[in-house]
Amino acid sequence: MSTPVDPHLLYQDWLLTETQFAPDQLNYKETVFTIGNGYLGTRGSLEEGYPGSNSVTLINGVYDDVPIFFTELANCPNWLPLTISVEGEAFRLDRGELVSYQRQLDLKQGLLSRKLRWRSPKGKTLDIACERFASQADQHVLALRCQITPVGCEGDFKVQAGIDGTPENDGFNHWAILDQGHDAGGDGVPSVWLHARTRKSRIELGMAAKLTLAGAEGKIQDASVAEAPILAAAFHAADNQTVTLEKTVTVLTSREVPNPLATAREKLASLPPYSELLAAQERAWAEIWQKSDIEIEGNSQSQLMLRYNLFQLLIAAPRHDDRVSIPAKTLSGLGYRGHIFWDTDFFTFPFFIHTQPEIARNLLSYRYHTLEGARRKAAHYGYRGAMYAWESASTGDDVTPRWGLAEHPYGEDVSIRCSTREIHISSVVAHAIWWYWHSTQDDAWMRDCGAEIVLDTALFWSSRVEYDVKRECWSILGVIGPDEYHDDVNNSAFTNRLVQWHLEKALQIYDWLGQNFPEKAVQLTEKLQLTVKRRRRWQDIVEHLWFPYDPETGLIEQFDGFFKLQDIDLSQYEPRTSSMQAILGIEGANQRQVLKQPDVLMLLYIMGLSPETDYGAEVLKKNWDYYGPRTDLTYGSSLGPAIHGLVAADVGEEEKSYQYVRLAALVDLEDNRGNAAHGIHAASCGNIWQAVIFGVAGVKFSESGPTANPQLPPTWKRLKFKLHWRGQWHDFDLQPAVGSTKPEIRGFVFDLDGVITDTAEYHYQAWQKLADEEGLPFDRQQNEALRGVSRRESLLRIVGDRQYSEAQIQEMMERKNRYYLELIQNISPTDLLPGAMAFIEELRAAGLKIALGSGSKNARTIIDSLGIANLFDAIADGYSVQRSKPAPDLFLYASQLLGLNAAQCVVVEDSAAGIEAARAGGMYSLGLGPAARVGAADAVLPGLEGAHWAPLKTALSR
């Protein structure tokens with residue numbers, strides 16, 4: 001089971017928060033903090049820039065060619081640049097001192113923000129807050145706001161905001177600058193603009209930007225240089241004076257309008273203020289989430305992880321364009337060159353069918369608009385009909401690379417054969433079309449577009465199969481199934497069964513056209529030359545295509561001869577940090593029963609979506625038991641874990657299902673495969689939705705509508721979502737079954753103060769000394785109310801209505817902590833509370849894992865002085881999370897460090913805030929002290945003296 005490894009990345013409901021800037025994670029975090037609106041995506045690069053940054057903005061459908069080599073999405077002119085200098089010193093995170101830092105992605109409104117305190121090399125301290133969004137209300141609008149506040153200083157500032165017209169794709173610039181300029185603005189708001197064109201595809205782009213200044217007197221002037229139109233604002237700011245700069249950008253291309261520059265400039269001139277743009281953004285996202293959200297009660301981290309993956313799909317989905325699709329790496333990076341794979345049709349498509357059907361229609365229409373490219377590919381290889389590209393761009397022609405570069409100078413380049421052998425994509429497209437039609441009953445689209453795709457790709461298959469005289473059946477030879485560890489195989493079970501299904505549906509669709517739209521049937525019969533002989537051949541293939549299924553064992557052989565390959569025990573290769581193909585080599589993996597993706601399980605899943613093709617629970621279980629242990633889940637395909645999560649739920653292994661889904665959900669958030677810097681794994685995002693809806697919730701569709709048979713993870717107290725099915729919305733509100741068993745307790749998380757030792761007196765003395773120095777009223781009764789409260793919140797309660805600057809607040813917190821550290825210098829093992837050590841040792845002897853979960857930033861110092869550091873398997877302290885109790889973050893992080901689900905842990909606390917935090921995290925709670933304070937806990941004891949595990953376990957189980 002994967003657990004979050006970055007203590008500075010916090011998950012909470014709608015908010016993903018980074019609490020520390022890590023230069024070594026620069027490019028991966030740029031992917032993680034991508035924003036977009038389906039028209040374009042912008043990586044989470046810093047506005048002021050940073051060495052090694054991979055700043056990328058991609059507009060869907062704007063492809064260009066690198067001469068000779070490949071077609072790719074062109075990195076567009078960068079709209080982000082906003083630089084700040086104070087007294088001639090430039091603000092950058094690689095200069096000066098970063099005093100505090102927070103970056104946050106608000107999924108609810110698609111807003112990326114950053115708050116920090118920075119001290120310049122010459123000692124000027126600034127508070128800087130930036131936020132930006134790509135508008136969902138108007139896909140051609142981008143907005144950025146920056147607020148600057150001097151702290152304990154003043155100075156002359158210069159802020160430059162503009163457009164960088166020199167973007168690169170790995171060293172190649174796709175854009176020729178046609179023109180640029182500055183407009184003084186009749187309304188007093190100056191603007192700049194850029195006009196560019198791609199070098200080969202000749203797509204024109206128009207960008208316009210304006211800058212406003214508030215909170216200070218200043219001028220905004222043109223500061224443009226070649227290929228970079230820039231506006232510059234100069235002003236003076238005094239101590240604690242907040243100055244706001246708002247940058248608004250419009251962007252269009254000749255794909256949408258004949259004159260993109262003129263349209264961009266006109267739109268910019270008519271835009272309302274930033275605040276109104278943001279309000280429109282909030283309304284647009286509220287409407288999107290109203291259809292697409294999945295609510296989880298009981299586990300805020302699972303909630304964030306799920307929403308994050310859905311968010312990445314939603315910001316890559318084309319809402320207003322049916323000539324584009326969702327690239328394999330969305331619009332978040334240059335991985336796979338922005339190409340379209342089967343990932344969209346198989347993995348991400350179901351989410352849109354059942355939450356945003358108009359987007360699903362757009363995605364399928366892309367396949368219709370690229371049908372001519374599929375026909376050209378089939379003809380090139382000597383086949384009839386349409387053969388969809390393994391990787392496609394704007395025309396549908398195959399843009400799959402033919403060679404992969406060797407890993408070292410003297411190695412041989414690797415031949416990439418997916419283009420000609422990984423051909424199941426044509427039937428996957430047909431399946432997506434059928435499922436869309438089955439779910440929406442959109443007869444008009446099926447008549448006008450879908451039928452032609454299904455029938456023409458069926459023609460391809462009837463010319464691709466070969467007759468096996470010995471077996472007296474049809475075969476499909478020389479293919480690669482979803483499992484790419486085995487190439488050039490015969491009779492891939494996944495491919496053959498899907499082709500069989502495809503031809504069967506093609507015949508049904510042909511008959512449906514004849515009955516309902518006879519003119520269209522005649523038109524397609526003539527256009528595609530669907531002779532009676534050819535349709536009869538389809539039926540013969542359906543009846544006689546080889547499928548390697550043994551009804552006696554219930555096993556489906558992945559391809560001819562798979563069971564004769566050398567078997568493998570993957571546990572013998574652990575621990576490892578590489579894929580099995582990297583360890584064994586290409587030929588070594590080919591010769592063994594090791595899988596990159598679980599072909600057969602994927603087949604059984606997709607066939608199980610319909611009762612008429614479902615192989616049943618017994619066959620699924622037998623193939624799960626065989627193929628599951630042979631699948632390289634950790635470093636094979638990123639798609640494997642979610643598929644395993646789906647199947648695990650179907651075979652009744654709920655705990656494994658949750659672990660696999662969680663592993664899939666973290667593929668980008670935690671970069672657990674080391675390639676998140678290249679972009680978001682779109683297919684994994686879609687797979688996670690399927691795993692939750694079809695796996696955890698157990699949704700099945702029938703003629704009467706969708707039904708659910710949920711198997712919720714232990715910490716999920718409620719699961720709410722809605723699904724669109726045949727013109728109706730169906731609401732689901734699922735909860736654990738009454739009488740369901742509680743999870744086994746496997747770990748304890750101990751608070752420090754008041755549980756293991758009592759430093760309350762030291763805290764009181766430190767606060768009292770500070771209060772006396774500041775002339776603030778304070779006594780022991782007030783101190784009691786601070787139990788379990790963070791240092792900052794404690795200070796704010798003490799100062800009350802007294803006004804202090806942020807700098808003064810920070811200084812007082814540091815002063816109090818200094819007094820406290822001086823007081824605890826003499827702490828020793830004699831300061832352990834009675835029974836604490838004996839109880840922890842008893843728990844360890846019982847095999848339970850132990851963590852410390854203290855909000856104190858001095859926790860490690862104290863337990864070292866107490867001589868008990870060796871008793872803890874993990875330590876979570878005040879540096880581990882941002883939000884303090886009663887938020888559950890600290891205890892959830894501690895459980896993750898132990899490698900346990902939150903529901904498997906008991907929190908031991910002496911404060912009401914601590915008990916509330918434990919309950920919010922879905923954890924057991926043991927309260928120490930009077931019931932008036934900790935009575936909300938699952939069990940209450942006066943203290944740990946005389947406490948024993950056996951009776952406590954019984955009490956908690958009740």
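Residues numbered from 1 in each chain as written. Predicted model: local features only at pLDDT ≥ 70, side-chain atom pairs only at ≥ 80, totals over all residues. Heavy atoms only, no water.

Undergrad: Looking at this structure, how should I read the overall build of the chain?
TA: Assigned secondary structure in the chain consists of 30 helices and 34 strands. On C-alpha atoms alone, the chain measures out to a radius of gyration of 31 Å, which is about the 30 Å that the 2.2 N^0.38 rule sets for 958 residues. With the C-alpha coordinates aligned to their principal axes, the bounding extent of the chain is approximately 100 × 75 × 60 Å. Burial statistics for the chain: of 958 residues in total, 59% are counted as buried. Across the chain, the fraction of contacts at a sequence separation of at least 24, relative to all contacts at a separation of at least 6, is 66%. (Helix = DSSP H or I, 4+ residues; strand = E, 2+ residues; numbered from the N terminus. Rg over C-alpha atoms; globule rule 2.2 N^0.38 Å. Buried < 20%, exposed > 50% of the residue type's maximum accessible area, 1.4 Å probe, protein only. Contact = heavy atoms within 4.5 Å.)

Undergrad: Help me out: how do you make sense of the pairing of strand β6 (residues 70–75) in this one?
TA: Across a regular strand the side chains alternate sides, sitting on one face of the sheet and then on the other. Most of β6 sits out of view: five of its six residues are buried. Examined bridge by bridge, strand β5 (residues 57–66) and β6 share five bridges and lie antiparallel to one another. Paired with L58 across the strands is N75, a residue of β6. (Pairing = 2+ DSSP bridges.)

Undergrad: Could you clarify how one ought to interpret the side chain of N75 in this entry?
TA: Tracing the backbone shows N75 in strand β6. Overall, N75 belongs to the buried group, its relative accessible area being 2%. A distance of 3.2 Å separates a polar atom in the side chain of N75 from the backbone oxygen of S55. A distance of 3.1 Å separates a polar side-chain atom of N75 from the backbone nitrogen of T57. (Polar contact = N/O pair within 3.5 Å; in protein donor to acceptor, adjacent residues only side chain to side chain.)

Undergrad: I would appreciate a short explanation of unusual backbone geometry in the present structure.
TA: Peptide bonds are, in most cases, trans, and in most cases residues other than glycine have a negative phi. The residue after E574, namely P575, is reached through a cis peptide bond having omega -5°. Secondary-structure assignment places P575 in the loop between α13 (532–544) and α14 (580–584). For D170, which is not a glycine, the phi torsion comes out positive at approximately 50°. Residue position: D170 is located in the loop between β13 (155–162) and β14 (175–183). When its relative accessible area of 62% is taken as the criterion, D170 is described as exposed. Positive phi values are uncommon outside glycine, yet Q441 reaches one of about 55°. Secondary-structure assignment places Q441 in the loop between α9 (425–440) and α10 (443–464). By relative accessible area, which is 47% here, Q441 ends up partly exposed.

Undergrad: Just checking my understanding: could you explain the packing of aromatic side chains for this structure?
TA: What characterises a pair of aromatic rings is the spacing of the ring centres plus the angle enclosed by the ring planes. Summed over the entire model, instances satisfying the criterion amount to 47 aromatic pairs. Both rings, one in W624 and one in Y660, keep their centres 6.3 Å apart while their planes meet at 70°; by these two values the pair is edge-to-face. Here W624 is found in helix α17 (residues 617–627), whereas its partner Y660 is found in helix α19 (residues 654–669), with 36 residues between them in sequence. On the basis of relative accessible area, Y660 is assigned to the buried category, the value being 17%. We note R307 situated over the ring of W14; from NZ or CZ to the ring centre the distance is 3.6 Å. The ring of Y626 carries the charged tip of R630 above its face, separated from the ring centre by 3.8 Å. (Phe/Tyr/Trp six-rings, centres within 6.5 Å; stacked < 30°, edge-to-face > 60°. Lys NZ or Arg CZ within 6 Å of the ring centre and 35° of its normal.)

Undergrad: Looking at this model, I keep getting lost on the nonpolar core. Mind explaining?
TA: Burial of nonpolar side chains together is a common tendency in soluble globular proteins. Membership of the largest hydrophobic core comes to 204 residues, with the highest contact counts inside it found for L16, W342, F352, L719 and F721. Broken down by element, the residue count for this core peaks at twelve residues, all from helix α11 (residues 493–516). Sequence-distant contacts of F352, that is, excluding residues within four places in its chain, are made with L313, L314, A317, I326, P357, I359, A360 and L363. By size, the runner-up hydrophobic cluster in this structure holds 38 residues, among which are F748, I827, V906 and Y924. (Core = buried A, V, L, I, M, F, W, Y, C linked by side-chain atoms within 4.5 Å.)

Undergrad: I keep staring at the packing of helix α3 (residues 274–292) against helix α4 (residues 300–314) and nothing clicks. Help me out?
TA: Helix packing for two helices is described by the angle between their axes and how far apart those axes are. Axis separation between α3 and α4 bottoms out at 12 Å; the angle between their running directions is 120°. In terms of axis orientation, α3 runs oblique to α4. The two elements α3 and α4 cross, and the hand of that crossing is right-handed. Where α3 abuts α4, its residues W285, I288, W289 and S292 lie against R307, L310, F311 and L314. Residues belonging to the contact of α3 with α4 are distributed by class as follows: six nonpolar, one polar and one charged. (Axes fitted to C-alpha atoms, helices over the stretch in contact; angles between N-to-C directions. Parallel < 35°, antiparallel > 145°, perpendicular 65-115°, else oblique. Left-handed = near helix turned anticlockwise from the far one by under 90°. Nonpolar A, V, L, I, M, F, W, Y, C, P; charged D, E, K, R; others polar.)

Undergrad: Sorry if this is basic, but what is going on with the environment of L734 here?
TA: Turning to its location among the elements, L734 is positioned in strand β28 (residues 728–734). On the accessibility criterion, L734 (11% relative accessible area) is buried. In this structure the C-alpha to C-alpha distance between L734 and L144, which are 590 residues apart in sequence, comes to 40 Å. Not counting the four nearest positions on each side in its chain, L734 is found in contact with A697, A708, P710, L712, K717, R718, L719 and F721.

Undergrad: When you look at the sheet that holds strand β27 (residues 718–725) in this model, what are you seeing that I'm missing?
TA: Hydrogen bonds between backbone atoms are what pair the strands of a sheet, whose relative direction is either parallel or antiparallel. The three strands are arranged β20-β27-β28 in an open sheet whose pairing can be described as antiparallel. Where the open sheet ends on each side, the last strands, each with one partner, are β20 (295–297) and β28. For this sheet, the mean angle separating the axes of adjacent strands, direction not counted, is 15°. Here β20 runs beside β27; their pairing, made up of three bridges, is antiparallel. Following the sheet pairing, E295 is matched in β27 by K720.

Undergrad: Could you clarify how one ought to interpret α11 in this entry?
TA: Because each turn of an α-helix spans 3.6 residues, side chains separated by three or four positions in sequence point in the same direction. With 24 residues, α11 extends 34 Å between its outermost C-alpha atoms, agreeing within 8% with the 34 Å of an ideal straight helix rising 1.5 Å per residue. Across the 24 residues that make up α11, a large majority, 18, are buried. (Expected span 1.5 Å × (residues − 1).)

Undergrad: Sorry, what's going on with the pattern of salt bridges here?
TA: One side chain can pair with another of opposite charge once the charged atoms of both are near each other. If you walk through the whole model with that rule in mind, you get 53 salt bridges. For the salt bridge of R417 with D487, the shortest nitrogen-to-oxygen distance reads 2.4 Å. Separated by 70 residues along the polypeptide, R417 in the loop between β22 (414–415) and α8 (418–421) and D487 in the loop between β24 (473–475) and α11 bring together distant segments of the chain. Residue R417 is classed as partly exposed on the basis of its relative accessible area, which comes to 33%. (Salt bridge = Lys/Arg side-chain N within 4 Å of Asp/Glu carboxyl O.)

Undergrad: Any chance you could explain helix α12 (residues 518–528) here in plain terms?
TA: Among all positions in α12, only K520, A521, L524 and L528 are buried. Each buried residue of α12 sits inside an arc of 100° when the element is viewed along its axis, so together they form one side. The exposed set on the far side of α12, more than 90 degrees from its buried face, consists of E519 and E526. Looking at the buried positions of α12, the neighbouring elements they touch are α7 (371–380), α10, α11 and α13. (Arc of directions from axis to C-beta.)

Undergrad: Sorry, what's going on with the pairing of strand β7 (residues 82–86) here?
TA: Within β7, four of the five residues are buried, leaving the element largely enclosed by the surrounding structure. Two elements, β7 and strand β8 (residues 89–90), share two bridges in a ladder whose sense is antiparallel. Looking across to β8, one finds that V86 is bridged to E89. Taking the residues between adjacent antiparallel strands as the criterion, β7 and β8 are bridged by two residues, where E87 takes a positive phi near 50°.

Undergrad: Honestly, the sheet that holds strand β1 (residues 9–12) in this entry has me stumped. Any pointers?
TA: The strand order β1-β2-β9-β10-β11-β12-β19-β16-β15-β14 describes an open sheet built from ten strands, whose pairing is antiparallel. Lying at the two open borders of the sheet, with one neighbouring strand each, are β1 and β14. On average, each strand axis in the sheet is tilted by 15° relative to the strand beside it, whichever way the strands run. Inspection of the sheet shows strand β2 (residues 15–18) paired to strand β9 (residues 97–106) by four bridges, in the antiparallel sense. Bridged to L16 within β9 is L105. Taken strand by strand, helix α2 (residues 260–270) contacts β12 (141–150), β14, β15 (191–198), β16 (204–214) and β19 (243–253), and its axis lies near 20° from that of β16.

Undergrad: Quick question: what am I supposed to make of the environment of A233 here?
TA: Assignment of secondary structure puts A233 in strand β18 (residues 230–237). On the basis of relative accessibility, which here comes to 1%, the residue A233 falls in the buried class. Sequence separation between A233 and F157 is 76 residues, and the spatial gap between their C-alpha atoms is 8.1 Å.

Undergrad: How do you make sense of the packing of helix α25 (residues 836–845) against helix α30 (residues 949–957) when you look at a structure like this?
TA: One can describe the packing of α25 onto α30 by two numbers: an axis separation of 10 Å at closest approach and a directional angle of 75°. By the angle between their directions, the pair α25 and α30 is classed as roughly perpendicular. Along its contact with α25, which presents F839, E842 and L843, the element α30 presents W949, A950 and L952. When the residues that make up the contact of α25 with α30 are grouped by side-chain class, the tally is five nonpolar, no polar and one charged.

Undergrad: I'm lost on the side chain of T495 in this one. Help?
TA: With respect to the element layout, T495 can be found in helix α11. A residue is classified by how much of its surface remains accessible, and T495, at 0% relative accessible area, is buried. Not counting residues within four places of it along the chain, the set of residues in contact with T495 comprises H424, W461, I476 and G481.

So, to be careful, I would describe these as geometric facts and stop short of saying anything about function.
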